[in-house]
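# Summary of structural features
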Amino acid sequence: MVPTSSLATHAPKEPSGVTYTLDQERVGALEDLDKASFRLIHLKVFLVAGAGFFTDAYDTFAINIASLMLGYVYGTDLTSDGQNVCTSRQLSPDQDLGLKVAAPVGTFVGQLLFGWLADKVGRKRMYGVELMIIITATFAQALAGPGGGGHGAVDIISVLAIWRFVMGIGIGGDYPLSAIISSEFSATRNRGRIMTAVFASQGTGTFVASLVAFIIVVAFRGQFISGEDICDPPAIDSMWRLLIGLGCVPGAVALYFRLTIPETPRFTMDIERNVQQASDDIHNILTTGKFAHDPDVIVQRAHAPRASWADFRRYFGKWENMKVLIGTSYSWFVLDMAFYGLGLNSSAILQLLRDNNVNFGVPTEMGYKLADFYSNLKSICAGNLVLSATLIPGYWVSFLFIDSWGRKPIQFMGFGVLAILFIAIGFSFDKLVQNGNKTEDVFMFLYCLANFFQNFGANTTTFIIPGEVFPTRYRSTAHGISAASGKFGAIISQIILAKLAGDGIPLREALGTFLKIFGFLMLTGIGSTLLLPETKGRTLEELSNEDMEGFFKGGLCQQFPGHALIT
């Protein structure tokens, strides 16, 4: 290929060359990418993006157990019998809220910021930056200490909350970047499966966080059994630091590969408007799998729609486009209210259950020994291990059906089943968790079933659909807006639960009420799904709601023997 300015000079020397427009080249190159079989680049995208989501989930949900450990070490003595002032040490509602809501708030910011930056400066340039933020903030949490040696203006819970906010910014950036990169590299027929496989790493990360916590507790058993001073439990202080700090490991492993992943051909073609380079990249993807950019090559910029505030208003000012953004955003909003409202408080839910007369959470009666802390931590880790294990199958059942059933049927089904389950659990919550009642197993079954249909349902599709339905120049921005709407729902649910706890409302009553509310919110998610198009079997360009004929204005290219694109 040669630039248009050189066609007059070079074209006569190649009588067998074929002259065509840049628009035709764009259509042909993207068609090759959309029809490609599974290649090495697809596997690399899955592994690199999946490792990031694994890290995100581990770091997000590890706090569920770490907050209990932190409560034992730095918490408030909520009750005192005059002799044993450390009998029920735990974090105050405000401290617990600060730890659990800091990361979602940071995630909200990161999704909006990195979503916009990925469309502005490129997917490749931003990919890896968010992982550096996560690694740095996670490591800082593990080393955190109170300001002023414990007597300063900032306590350790505040320090941790700040670092979790910073970590959340990195986690937020991972959502639009991983979704868009996996979407734009994928062929049409398996795009849903590749994106689902990436997102399924979230379930694995959540499970591993519970597994690591369980292993750490068991590993420190000897220090619990031999210890006596429950007001100064050094073993627990080491445990939460190790649990959180290990979240750096998978991120560090994935960092190099993220920094070396190539730019997506669609960004190069539609935003950088470098059709020749994008065509070469697609050719390399489908042949050698290697990428080479010659800095001396003259770049011919095509005339195409460019991102701007005026163009953004023009595009989303049309109801046919705005309704899609409303549908993706609201669906994610209601889903995350329940997903994070319950997921970040599973330890609190386990506190209400009994297993052979042993409380899953903070015990109602303790012998005031470190051995009691060990028993409770081990029990709550085991409970979280069971609950998190039920998350994983849903992702992979979605993987099996996402490209055959389609996205909308799975999302409809997920919201519908969750509405039934949450309403049923909510209205029977008191009886299901009543002391001495044998219905705990029924509750656990229904709760685990809800976990399954969150992921074989809207939790998966709300991640996928926004990565498909918008034009390239706004794809990452719109995905970030949709994802941030979800985190806004997660923040609201955490604040309301903390407010109820702060007002002295019993945990059982608060959770029962919330489950009822979640059930009715799932019904509204069915309505928002009606606003969305079905994306199965359709190219990203078809889904963008823009006329692809004449997308590039003017410009000629010439294709010579030996340089033809794969068809």
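The shown structure was predicted, so the numbers you read here are calculated from the model rather than taken from an experiment.

Here is what the cut-offs are and how they apply
- Residues numbered from 1 in each chain as written.
- Predicted model: local features only at pLDDT ≥ 70, side-chain atom pairs only at ≥ 80, totals over all residues.
- Heavy atoms only, no water.
- Helix = DSSP H or I, 4+ residues; strand = E, 2+ residues; numbered from the N terminus.
- Buried < 20%, exposed > 50% of the residue type's maximum accessible area, 1.4 Å probe, protein only.
- Contact = heavy atoms within 4.5 Å.
- Areas by Shrake-Rupley, 256 points an atom, 1.4 Å probe, with all protein chains shown as cover.
- Polar contact = N/O pair within 3.5 Å; in protein donor to acceptor, adjacent residues only side chain to side chain.
- Phe/Tyr/Trp six-rings, centres within 6.5 Å; stacked < 30°, edge-to-face > 60°.
- Lys NZ or Arg CZ within 6 Å of the ring centre and 35° of its normal.
- Axes fitted to C-alpha atoms, helices over the stretch in contact; angles between N-to-C directions.
- Parallel < 35°, antiparallel > 145°, perpendicular 65-115°, else oblique.
- Left-handed = near helix turned anticlockwise from the far one by under 90°.
- Nonpolar A, V, L, I, M, F, W, Y, C, P; charged D, E, K, R; others polar.
- Patch = residues over 30% accessible without salt bridge, like charges linked within 9 Å, V, L, I, M, F, W, Y side chains within 5 Å.
- Salt bridge = Lys/Arg side-chain N within 4 Å of Asp/Glu carboxyl O.

### A word on the overall build of the protein chain
In terms of regular secondary structure, the protein chain is built from 26 helices and six strands. Looking at the protein chain as a whole, 58% of its 567 residues are labelled buried. Counting only contacts in the protein chain whose residues sit at least 6 apart along the sequence, the fraction spanning at least 24 positions is 84%. Only carbon and sulfur atoms are counted for the fraction: they give 63% of the accessible area of the protein chain, which is about 22,100 Å².

### Regarding unusual backbone geometry
In this structure, Arg273 is a non-glycine residue whose phi angle is positive, near 60°. As for its placement among the helices and strands, Arg273 is situated in the loop between helix 13 (265-271) and helix 14 (275-285). Since its relative accessible area comes to 13%, Arg273 is described here as buried. The phi angle at Asn545 is positive, at roughly 65°, despite the residue not being glycine. Locating Asn545 in the fold gives a position in the loop between helix 26 (540-543) and strand 6 (556-559).

### What about the environment of Arg189?
Topologically, Arg189 is positioned in the loop between helix 8 (156-185) and helix 9 (191-219). If we skip the residues at most four places from it in the chain, Arg189 touches Asp34, Lys35, Ala36, Ser37 and Asp403. At 3.3 Å, the side chain of Arg189 and the backbone oxygen of Lys35 are in polar contact. A distance of 3.2 Å separates a polar side-chain atom of Arg189 from the backbone oxygen of Ala36.

### Quick notes on the packing of aromatic side chains
Any pair of aromatic rings gets described here by the distance separating the centres and the angle formed by the planes. Using the criterion set out here, one finds 31 aromatic pairs in the structure. On the basis of an interplanar angle of 15° and a centroid distance of 5.6 Å, the ring pair of Phe61 and Tyr340 is categorised as stacked. With Phe61 in helix 3 (residues 40-61) and Tyr340 in helix 16 (residues 319-343), this pair connects stretches of sequence that are 279 residues apart. We classify Tyr340 as buried; its relative accessible area is 3%. Ring centres 4.8 Å apart and planes at 85° place the aromatic pair Tyr315 and Phe316 in the edge-to-face group. Across the pair, exposure class does not vary: Tyr315 and Phe316 are buried alike. Site record: aromatic cluster; members linked through ring pairs are Phe53, Tyr175, Phe199, Trp332, Tyr395 and Phe463. One Lys or Arg, Arg193, reaches over the ring of Phe399 and ends 5.4 Å from the middle of that ring. Against the face of Phe427 rests Lys516, its NZ or CZ located 4.9 Å from the ring centre.

### Observations regarding the packing of helix 7 (residues 129-142) against helix 8
Where helix 7 contacts helix 8, the two axes come as close as 8 Å, and the packing angle between them is 155°. It follows from the interaxial angle that helix 7 and helix 8 lie roughly antiparallel. Crossing hand, helix 7 versus helix 8: left-handed. Between helix 7 and helix 8, the contacting residues are Glu130, Ile133, Ile134, Ala137, Thr138, Ala140 and Gln141 on the first element and Leu160, Trp163, Arg164, Val166, Met167, Gly170, Ile171, Gly173, Asp174 and Leu177 on the second. Each residue belonging to the contact of helix 7 with helix 8 can be placed in one class, and the counts come to ten nonpolar, four polar and three charged.

### Observations concerning the environment of Leu497
Tracing the backbone through its elements, the reader meets Leu497 in helix 24 (residues 472-502). Between the C-alpha atoms of Leu497 and Pro93, which are 404 residues apart in sequence, the distance is 9.2 Å.

### Some details on a nonpolar patch on the surface
Where nonpolar side chains cluster on the molecular surface, the patch consists of Phe38, Leu40, Leu43 and Leu47 and spans about 420 Å² of accessible area. By secondary structure assignment, the location of Leu40 is in helix 3. For Leu40, a relative accessible area of 66% gives the class exposed.

### A word on the side chain of His479
Its place among the elements puts His479 in helix 24. In this structure His479 comes out as buried when scored by relative accessible area, which is 0%. Residue contacts for His479: discarding those within four places in its chain leaves Tyr175, Pro176, Ala179, Ile180, Trp332, Phe463, Pro466 and Gly467.

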